[in-house]
Amino acid sequence: MKSTFKHKFLSQWELQVMVWPSIILMIVFSFVPMLGLIIAFQDYSPLSGFTGSEFVGLDNFKAFLGDKDFYNVLTNTLAISLMKLLIGFPLEIVLAILINQIRLALFKKFSQTVSYLPHFLSWVILGGMITSWLGSSGLVNSFLLSTHLISEPLSFLSNANAYWWIATLSDIWKEVGWGTILYLAAIAGIDPSLYEAAKVDGAKILKRIWYVTLPGIKNIIVLMFLLRVGSILGANLDQTLVLQNSSNMLRSEVIDSYVYHLGLAQGDFSFATAVGIFSSVISVTLLLVANFLTKKLSDSTIF
Amino acid sequence: MGLDRGEKIFNVFNVLFMLLFISIIVLPLINIVALSFNDGYDAMKGGIYLFPREFTLVNYETILKDSTIYTAFGVTVAKTVIGVIGHLAITGAAAYALSKSYLLGRKIFIRMGIITMFFNGGMIPSFLVAKSLGLANSFWVYIIPVLFSFYDMIILMNFFRSLPESIEESAKIDGASVFQVFFKIIVPLSFPVLATIALFHGVYQWNDFFVAKLYVTDKTLYPIQYYLYQLLTSAGAASSAKAGVYVSKTFTTQSLQQATMIITTLPIMLIYPFLQKYFISGMLVGGVKE
C-alpha cells in the first residue's frame, strides 16, 4: 500500500512540484493567522507572543459588547451596507437590463466600457476626487451656488449626517457598472426563442423583461444577493480610510476601520481581534441563514 | 421583425437614460482633468466645470520635479509587474496540477481552500504573522502574501479542465514533459483567462495602498497610491511637510493632488480598453462553470 502511494507520488512529481508552493503559501498566510485568532482570548503582548501571553477567556468579547462605541460602529456598518444593498443591488440589475436592450452595437459597447471604468480607479484616487468635487469651491457647490439653490457653500465631508449618503452613493458610482457584467452574461444566455414566443403571445417589452429576462437571470440574482448578505458587516475599509475625517468620525467609523484603529494604531491587538472574530462569525451565520432561506424559497443556492 | 410602438418609446427612453448615466460617470472625471490643468488659486474661486479657466502646466511640472514621485512610480511598476508574473506562475501552476483529478491530495487541498474562502485570521493575526516573517519594510510584503489566490485558482482550474484532453495526450506521446505541455500548450491556449487574472491582479497591485500603510515606513518603498494617500490626508493640516515644500503663488495642494491623481490613473486607463475584451469572456469562464 505504502509503496504504491510512493510510486504514484513519484510518477506525478512534476504536478506535485507545481502545487506545493501554493499549499505552503495557503498554510502560512491563511491557516497560521487562523491559529493566531487565539489572541482574542488572551491579554496579548507582543513581547510574550502567542505562547507566553496570559489567557483571559471571554473578557475581550465582554469588553466590546459592553462598549457604547461598539454599538455606534455596528450601526454605521449596518446602515451603510444596507443602503448599498437596497439601492445598489437593484440598480445593477436594472442597468444590466437597460444596457442589454441597447440596439446600436457601438453605443452598447461604449456604455459598457464607460460603466466599468470607475471600478478600476483606486479608493485613494476616488477619495481625492470626491474631496475635490464636494469641496467648498468644487463641482457640486459651484453648481448649487450658480443655480441659487444655496447661498453658502456646503461642507459635505465634515457633516457627519451626510456621510452615510456619501459612502453609499460613491460606492454605487464606482461599482454599479462593474456589477452588471455577470447579469449581462446571464441575459446573453437566455434562449431567444422565449422572447419570440412571448412576442407572438402579445407581450409588450416591459412584460417580456418581467416574464422572460428576470426569471432567466433569477439564479445569478440569488447568488449575488447571498454573497452580498454574507459581506454585510464588511463595509469597505479603503473607502472609509479615504473619506473619514475627524468631523464625520461619529458616522463614518465601521467595524473594519474600528479594528484597524484599535488594533494597529493603538496596539490593542486582543480587543481588535475579538471584534474581528465577532464580525466574521456574524457574516458566516448570515450567509448560512440566507442560503437556507433561499433554498426553501427557490432551488438555487451556493452550497 | 418590426418594433412595436411601446418598444420604440422604450428605446428612446433607454438611450436618454444611458446618456444620462454616461454623463454622471464621465463629466465628473473630466472635471478633475480640467482642474489639474488650471491655476490652483484661480480654481479656489470655484466655477470650473469641464474646461480649465486659467490654463497652466505648472501643476504637472511641479510634481514631475519632485524626485520622490519617480521612486514611488518605480516601486508601483515593479510591484505590479513582479506581482502579476509571480501570481500567474504560482496560482496557474497550482491550478494546472489541481485540474488533474488523479493528483494525490487534491481533495484535501480544495477543502482547505474552501475553508479559507469563509474563515480567515482577519487583519490583526495576519499582520502579526507577516511581521514575524520579516516582511515589514520589505518590497516582498507587496508580492509574497498574494502570490496565491484560491478564487483565481478555481477560475483557472475550471478553464484548464475545459480544454480537450486529447491535445495533451498527443504531446505526451511525442515525448513532451509535464512542464513542456504546461508552457507550450496550456499557457498559449489559456491566453484570455490568464489576461483576465493578470488584469485583476495588476489593478489590485497598482491600486493598493493599505499594505504600505500597514507594513512600510521606509519612504523609498512607498508605492504611488500611498504617496498620494499621504498627500491627500495631510492636505488638511497646514503644517504638513508637503505643504511646506510647495509654497507658491501658482498652485495649491489641491491642484497638485488633482494632477497627481491623473498621473497615477493614466497607466490603468491606457491599458484597460485593450484588456476589456478578455476580462469579459474570462469572467464568464470562471463564473458559469462553478
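Residues numbered from 1 in each chain as written. Chains lettered and ligands numbered in written order. Predicted model: local features only at pLDDT ≥ 70, side-chain atom pairs only at ≥ 80, totals over all residues. Heavy atoms only, no water.

1. Topic: the UniProt feature "domain: ABC transmembrane type-1" (unreviewed entry) in chain A
Here is step 1 of the chain: Per the UniProt annotation, the sites labelled "domain: ABC transmembrane type-1" (unreviewed entry) are residues 74-290 of chain A.
Here is step 2 of the chain: The distance separating the terminal C-alpha atoms of residues 74-290 of chain A is 20 Å; by composition the span is 74% helix and 0% strand. (UniProt positions renumbered as here; feature names shortened; annotations may be inferred. Helix = DSSP H or I, 4+ residues; strand = E, 2+ residues; numbered from the N terminus.)

2. Structural notes on the interface of chain B and chain A
Here is step 1 of the chain: Listed by partner, the interface residues are 89 residues for chain B and 87 residues for chain A.
Here is step 2 of the chain: Around 7900 Å² of area is buried between chain B and chain A when both sides are counted, 80% of it from carbon and sulfur atoms.
Here is step 3 of the chain: Scanning the region where chain B abuts chain A turns up two salt bridges.
Here is step 4 of the chain: Between Glu7(B) and Lys199(A) there is a salt bridge; the shortest N-O distance is 3.6 Å.
Here is step 5 of the chain: Counting across the chain B and chain A interface gives 18 residue pairs in polar contact (both at pLDDT 80 or more).
Here is step 6 of the chain: Among the elements that line the side of chain B that touches chain A, the one with the most residues is helix 1 (residues 5-36) of chain B, at 19 residues.
Here is step 7 of the chain: A per-class count over the side of chain B that touches chain A returns 66 nonpolar, 18 polar and five charged. (Contact = heavy atoms within 4.5 Å. Buried area = accessible area lost by both parts, 1.4 Å probe. Salt bridge = Lys/Arg side-chain N within 4 Å of Asp/Glu carboxyl O. Polar contact = N/O pair within 3.5 Å; in protein donor to acceptor, adjacent residues only side chain to side chain. Nonpolar A, V, L, I, M, F, W, Y, C, P; charged D, E, K, R; others polar.)

3. Let's talk about the packing of aromatic side chains
Here is step 1 of the chain: Here the structure, examined in full by the defined rule, presents 33 aromatic pairs over all chains.
Here is step 2 of the chain: When the ring of Phe120(A) is compared with that of Tyr272(B), the centres are 4.8 Å apart and the planes differ by 45°; the resulting orientation is tilted. Taken together, the residues span two chains, with Phe120(A) in the loop between helix 6 (105-116) and helix 7 (123-134) and Tyr272(B) in helix 14 (residues 253-289). When sorted by exposure, Phe120(A) lands in the same class as Tyr272(B), which is buried.
Here is step 3 of the chain: Among the aromatic residues, ring-to-ring pairing joins Phe41(A), Phe61(A), Phe64(A), Phe70(A), Tyr71(A), Tyr258(A), Phe271(A) and Phe278(A) into one connected group. (Phe/Tyr/Trp six-rings, centres within 6.5 Å; stacked < 30°, edge-to-face > 60°. Buried < 20%, exposed > 50% of the residue type's maximum accessible area, 1.4 Å probe, protein only.)

4. Quick word on the packing of helix 2 (residues 13-36) of chain A against helix 9 (residues 178-189) of chain B
Here is step 1 of the chain: Where helix 2 of chain A contacts helix 9 of chain B, the two axes come as close as 8 Å, and the packing angle between them is 60°. It follows from the interaxial angle that helix 2 of chain A and helix 9 of chain B lie oblique. Contacts between helix 2 of chain A and helix 9 of chain B involve Trp13(A), Glu14(A), Leu15(A), Val17(A) and Met18(A) from the former and Val178(B), Phe179(B) and Phe182(B) from the latter.
Here is step 2 of the chain: Within the contact of helix 2 of chain A with helix 9 of chain B, the residues separate by chemical class into seven nonpolar, no polar and one charged. (Axes fitted to C-alpha atoms, helices over the stretch in contact; angles between N-to-C directions. Parallel < 35°, antiparallel > 145°, perpendicular 65-115°, else oblique.)

5. Comments concerning helix 7 (residues 150-162) of chain B
All names here are of chain B.
Here is step 1 of the chain: Counted at 1.5 Å a residue, the expected span for helix 7 with its 13 residues is 18 Å, and the 18 Å between its end C-alpha atoms agrees.
Here is step 2 of the chain: In terms of residue burial, helix 7 counts as a mostly covered element, since 10 of its 13 residues are buried.
Here is step 3 of the chain: Along helix 7, the residues classified as buried are Phe150, Asp152, Met153, Ile154, Ile155, Leu156, Met157, Asn158, Phe159 and Phe160. (Expected span 1.5 Å × (residues − 1).)

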